[in-house]
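# Structural characterization, general
The primary structure of each chain is shown beneath.
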Amino acid sequence: MRAQLERDFERFKRELPRDLPSHVREAYRIDLTARYLGYTLPHPVGKGSGQLSLNLEQLEADRSAGLAFVVLKTVVAEDPAGGRSMAAWAIHETRMRVERHRSAEGREGWTVTWKGRGWDRSFEEYLSLVRTAGELTRSGSIVAVPSVKYHLPRMDEPFREEEYRHTTRRLAEAWGGGTLTLEKDFSPTLAGDALADERTRILRWLREVPGQIRQGAGGAPVRVALKLMNSRHGDPFQVEMLEAAAAADALVVFNRLWSPERAVAFGGYDLSDRNLQVLGAARGRIGNPPLCGTGNVCSGRLLLDYARAGCESVQLHTFFQLPLSEYPATDGSRTQRALHALYFDPAHGVIAGMLELEQSGALERRGGELRFLDLVDRPCE
Ligand SMILES: Cc1cc2nc3c(=O)[nH]c(=O)nc-3n(C[C@H](O)[C@H](O)[C@H](O)COP(=O)(O)O)c2cc1C
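A few words now on the pairing of strand β15 (residues 311-316). In regular strands, side chains alternate between the two faces of the sheet. Buried residues dominate β15, accounting for six of its six residues. Where strand β4 (residues 45-47) lies against β15, three bridges are found, and the strand directions are parallel. Opposite K47, over in β15, you have L316 as the bridge partner. When strand β14 (residues 291-294) meets β15, the two strands line up parallel, connected through three bridges. Directly across from G293, in β15, lies its bridge partner V314. The parallel pair β14 and β15 is bridged by helix α10 (residues 300-308), and the resulting crossover is right-handed.

Quick look at the structure:
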């Protein structure tokens, strides 16, 4: 299988197999089946919300590359009069810089520096993207879900229910049938904002937001993932946040770190180190909703680290944005090149990593197959 992996790595540099998960299953007897927000996925790699999921062209490129899911850019919620309590998050900013980033531990990684925030076009335009996302999801070709930033009150304030109701109903209409699935984003800029100074306030949001969204849907079926921020309050509080978010249908863990000095969000190994550390501390302590990992997934190895920390899938942004020279593949879209490296790299890829875990006895074949989800469902060590 090692020799086959070397061969596949070379030959797929030009073009990925048409059906990557089936190829992996036949060639290596590895079942990559994964889960995200109630969907069963053919493999665990999706795209996180951001500047790479703003339009139909990007969605189509990801569908044809064989990505398992995409989260659309975060839209700022509005009420029927167009009022937006989180309007400060709808900033227009086009310039992104992809930069090398050395972590506190001295590891070289990548980060994207950008000062923008949420969706900066009209809600109507966003709804038209959601229409296509709903159709694609129902057709089974790719799961594509919206992401929203809804009102977050101070302790003495109620939630603005009108905003929750109006936004959720319009999204459900545009989605076009079946269960609406969406992410609620708690962003790094929010973590850096005075609104997130108080711990009790954050915990209240996490407890109450899923109910607010469900109530806003007015009985229409909806599944909600909360994408948790990395708060400024340390690891034990981060675990408390996970516990407080128990009413969600899934949790995305955890969005980028916030640098108060530079007033920007950042990632790299600082982010994956922190996320994996917190997930390690939380493991076995809480009956979480299902987890989806995010943060510096830049190799199959890191993907498997997130899986072993309890994540049933992962969502990436930065790794889809590197200079072309950073990918071993020579052709194809960035999404295709990223999938090639994540799965087939003979040293750092998912296949190599799962074969090694088998060899070390950490993962066993069942019915002749190694199963990705067995890494997640394992009792903790
Ligand atoms: C330029 C940029 C814009 C982003 N915008 C959003 C957003 O609107 N909503 C959101 O939930 N996450 C957003 N993210 C976070 C990503 O989806 C992802 O969770 C995060 O960057 C960690 O993954 P990575 O290390 O692979 O980039 C953004 C990230 C970047 C780099």
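Now that the structure has been shown, the text picks up again.
In the vicinity of the ligand lie 19 residues, with S49, K73, T74, N296 and T318 positioned nearest. N296 is positioned such that a nitrogen or oxygen atom in its backbone is 2.6 Å from an oxygen atom of the ligand. For the ligand, whose free accessible area comes to 610 Å², the fraction covered by protein is 96%. Along the lines of polarity and charge, the residues of the shell around the ligand split into five nonpolar, ten polar and four charged.

Moving on, we come to the packing of aromatic side chains. What the rule picks out here adds up to seven aromatic pairs. Ring plane angle 5° and centroid distance 4.4 Å describe the contact between Y150 and Y164, whose orientation is recorded as stacked. On the criterion of sequence distance, the pair formed by Y150 in the loop between β8 (143-149) and α5 (161-175) and Y164 in helix α5 is long-range, its members being 14 residues apart. Grouping residues by exposure puts Y150 and Y164 together as buried. Cluster of aromatic residues (ring-pair linked, three or more members): Y150, F159 and Y164. Over the aromatic face of Y269 sits the side chain of R107, whose NZ or CZ is 3.9 Å from the ring centroid. The side chain of K184 reaches across the aromatic face of F186, ending 4.5 Å from its centre.

Criteria and cut-off values
Residues numbered from 1 in each chain as written. Predicted model: local features only at pLDDT ≥ 70, side-chain atom pairs only at ≥ 80, totals over all residues. Heavy atoms only, no water. Buried < 20%, exposed > 50% of the residue type's maximum accessible area, 1.4 Å probe, protein only. Helix = DSSP H or I, 4+ residues; strand = E, 2+ residues; numbered from the N terminus. Pairing = 2+ DSSP bridges. Right-handed = clockwise from strand over helix to strand, strands pointing away. Near = heavy atom within 4 Å. Polar contact = N/O pair within 3.5 Å; in protein donor to acceptor, adjacent residues only side chain to side chain. Areas by Shrake-Rupley, 256 points an atom, 1.4 Å probe, with all protein chains shown as cover. Nonpolar A, V, L, I, M, F, W, Y, C, P; charged D, E, K, R; others polar. Phe/Tyr/Trp six-rings, centres within 6.5 Å; stacked < 30°, edge-to-face > 60°. Lys NZ or Arg CZ within 6 Å of the ring centre and 35° of its normal.

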